[in-house]
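So you can see what is in the structure, the chains are spelled out below.
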Amino acid sequence: MNAPQAAEPPERQPRWFLALFALAAAGGAVAYVPLLTVLLPQRIADLQGGEDIAALAQVTFLGAVMASLANIAVGMLSDRTRVRRPWIIAGLIASNALLLVVGEAGSVRELVVLVMVWQVALNLMLAPLMAWAGDCFPDEQKGVLGGALALSPALGALAGSLVTYAGLVEPGARLMLVALLVSALVLPAVLLGGGRERPALMAPAETAGPFAVRDRVVLRMWAARLLVQVAEGGMFAFLLYWLRSIAPGYPEHGVANIFSAVLVCAVPLSLILGRWSDRNARPVRPLVASAILCAAGMLVMAAAGTLAWAIAGYVLFAVAAAIFLALHASQTLRVLPAPQNRGRDLGVFNLTNTVPGMVMPGLTVMLVPQFGYAALFVLFAGLSLTSAALLGQVFRRA
C-alpha cells in the first residue's frame, strides 16, 4: 500500500516559504559574520590595549573546532528526534543570549571560553536548519534553493557594515543589534513553516550506512567543496596584502567594497543558474562551470601586473566561488544517501567550511615568502580545476 505513495514526487514548496527559508539561512550568516570579522577582533583589541593576532588566532581556531564537533553532534540529535524546528529555536535563543555575554567578557581567556560555548549554541541552530531544507525541498527545487542561499554571505557582509556604521549604534549595543537581526530573519520561516516537511524526503533508506565509505559520489562532492573552500578562504584572508604588493597604500575600504560588490552580484547569478539547473535537470553543470571560472580568475591574478587586472581576476574568481558554494550547498542534499542521517552527514560536510582555516596558514607560509603570491594562486587554480574534474564524474548527464 505504501509503494505508490513513495513513488510520487514530493510536492514543490511555495515561493513564500523558499524566500523565508533563504532569509533564515541568511540569519545564520548574520549571526557569525559581524562577530568573527569585526566585533571580535575589536573586543580583543579593547581587552589587550591593541591588536593581538595570536589571541585572535586562538579564539578563531578553538571556535572552529567547537563548531565542527557541535554541528555533527547536533545534526545527529535532530536526526534521532526526527524534528528540526525546536532545535532551531533553542539554538537561536541560546546563541543570542551568549552573544550578549561575549560582549561582557573581562579577559581574553574568558572570551575564548565564551566564543567556544557560543559556537556550540550557534550550531544548535545552524545544523538542524540546513537539515530541515533537505526535509522540505524536493530535488526539482534544489537549484533555485541553492541560488537563494547566495543571499547568506551577502546579508552577512551587509550586517557587518551596518552594525559598525559610524553613529548608527553605540559600540555597546552592536551585539544586541546583531541578535535582533538574527531573530528577525530566522523566526518567520520557523514559526510559519510548520508542516512543510515532505514525508517522501524523510523516508529512511534501507541501505543506510557511513556515507563517506559507501558512496563515492558523496566523497567527490565533499572533496570538490573542500578544494574550492581552501582557495576561497585563502583569498579572503590575504586579498588586502596581495593588492598592496601591487599597489602600495591600497585602502582597506577598497577591499570591503570589492567584497560587497562580489556578493551582491553573486545573488542574481546564482538564482538564474539554479533555476536553469532545475528546469534542465542538470544539477552539476553549473558547479563544474563555476569551478573552472574560479581557476580562470586565479590564473588572471597570478599573471596580473596592474591593479586593474588584479581586481578583474579576483572579481571573476570570487563571483564564481560564491555561486559554486551556494549551489553546492543545496545539491549536497540531493546526494546524501540516508535521510535518517541527514543532519549528521551535513555536519561532516560542514568540515569543508572549517578545515580550510587550519590548512591555509601553512600553505601561505610555505609558498608566499619563497615563490610569491603567483605560486599560491596557481596552486589555488589547480585545486579548482581538480574540483571541476571530480564533479564532472558525479553525474554524466548532470
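The shown structure was predicted, so the numbers you read here are calculated from the model rather than taken from an experiment. For every chain, the first residue of its written sequence is number 1, and the numbers climb from 1 along that sequence. Only residues with pLDDT of at least 70 get local features here, since the model is predicted, and only at 80 or more are side-chain atom pairs given and counted; chain-wide, interface and lining totals rely on the full set of residues. Note that water and hydrogens are dropped before the side-chain values are worked out from all heavy atoms of the structure.

Q: Tell me about the overall build of the protein chain, and name the residues and values.
A: Assigned secondary structure in the protein chain consists of 17 helices and 0 strands. Computed over C-alpha atoms, the radius of gyration of the protein chain comes to 21 Å, within 12% of the 21 Å expected from 2.2 N^0.38 for 398 residues, which places it in the range of a compact globule. Judged by the C-alpha coordinates and their principal axes, the protein chain covers about 70 × 45 × 35 Å. Three exposure classes are used, based on accessible area relative to the maximum for each residue type with a 1.4 Å probe and protein chains only: buried under 20%, partly exposed in between, and exposed over 50%. A burial count over the protein chain gives 51% of its 398 residues as buried. The contact rule is simple, with two residues in contact once any of their heavy atoms fall within 4.5 Å. Put simply, 83% of the contacts in the protein chain that link residues at least 6 apart link residues at least 24 apart. Every accessible area reported is derived by Shrake-Rupley at a probe size of 1.4 Å, with residue values counting cover from the shown protein chains alone. For the protein chain, the accessible surface area stands at approximately 17900 Å², while carbon and sulfur atoms represent 66% of it. Put simply, DSSP marks the helices as runs of H or I at least four residues long and the strands as runs of E at least two long, and each gets a number from the N terminus on. As defined in this context, the radius of gyration uses C-alpha atoms, and a globule is described by 2.2 Å times the residue total to the power 0.38.

Q: Go over the packing of helix α4 (residues 85–102) against helix α8 (residues 174–192), please, and point to the residues and values.
A: Where helices are involved, their axes are fitted lines through C-alpha atoms of the stretch in contact, as for all axes, and angles between N-to-C directions lie from 0 to 180°. α8 packs onto α4 with a crossing angle of 175 degrees between their chain directions and a minimal axis gap of 10 Å. By the angle class used here, α4 and α8 are roughly antiparallel. Two secondary-structure elements touch here, α4 through Arg85, Ile88, Ile89, Leu92, Asn96, Leu99, Leu100 and Val102 and α8 through Leu175, Met176, Val178, Ala179, Val182, Ser183, Val186, Leu187, Val190 and Leu191. Its residues placed into classes, the contact of α4 with α8 shows 15 nonpolar, 2 polar and 1 charged. Comment on the angle field: the value is read as roughly parallel under 35 degrees, roughly antiparallel over 145, roughly perpendicular from 65 to 115, and oblique elsewhere. By the convention adopted, Pro, Cys, Tyr, Trp, Phe, Met, Ile, Leu, Val and Ala count as nonpolar, Lys, Arg, Asp and Glu as charged, and the other residues, Gly among them, as polar.

Q: Talk me through helix α5 (residues 108–136); I want residue IDs and the actual numbers.
A: Its 29 residues give α5 an end-to-end C-alpha distance of 42 Å, which sits within 8% of 42 Å, the value for a rise of 1.5 Å per residue. Roughly 30 degrees is the biggest bend found in α5, and it falls at Asn123. Every helix has an expected span of 1.5 Å times one less than the residues it contains. Here the bend at each residue means the angle between axes fitted to two seven-residue stretches, the one ending at that residue and the one beginning there.

Q: Could you give an account of the packing of aromatic side chains, with specific residues and numbers?
A: Stacked, tilted and edge-to-face pairs are distinguished by plane angle, under 30 degrees for stacked and over 60 for edge-to-face with tilted covering the rest, among Phe, Tyr and Trp rings (Trp via its six-membered ring) whose centres lie within 6.5 Å. Evaluated as defined, the whole model comprises 9 aromatic pairs. Ring centres of Phe17 and Trp132 lie 5.5 Å apart, and the angle between their planes is 80 degrees; on these two criteria the pair is classed as edge-to-face. Taken together, the positions of Phe17 in helix α2 (residues 15–48) and Trp132 in helix α5 put the pair 115 residues apart, joining distant regions of the chain. Since its relative accessible area comes to 0%, Trp132 is described here as buried. With centroids separated by 5.6 Å and ring planes inclined at 15 degrees, the aromatic side chains of Phe17 and Phe137 adopt a geometry described as stacked. Here the residue Phe17 occupies a position in helix α2, and Phe137 occupies one in the loop between α5 and α6 (142–149), the gap between them amounting to 120 residues.

Q: Run through the pattern of salt bridges, naming residues and quoting values.
A: Salt bridges are defined as contacts in which a side-chain nitrogen from Lys or Arg sits within 4 Å of a carboxyl oxygen from Asp or Glu. Applying the stated criterion to the full structure yields 6 salt bridges. Residues Arg342 and Asp135 are paired through a salt bridge, measuring 2.5 Å at the closest nitrogen-oxygen approach. You can see Arg342 sitting in helix α15 (residues 342–349) and its partner Asp135 sitting in helix α5, a full 207 residues away along the chain. The same class applies to Arg342 and to Asp135, which are both buried. Asp139 is the partner of Lys142 in a salt bridge, and the nearest nitrogen-oxygen pair spans 2.8 Å. Assessed through its relative accessible area of 2%, Lys142 is described here as buried. By sharing partners, the salt bridges in this structure join Asp79, Arg84, Asp135 and Arg342 into a single network.

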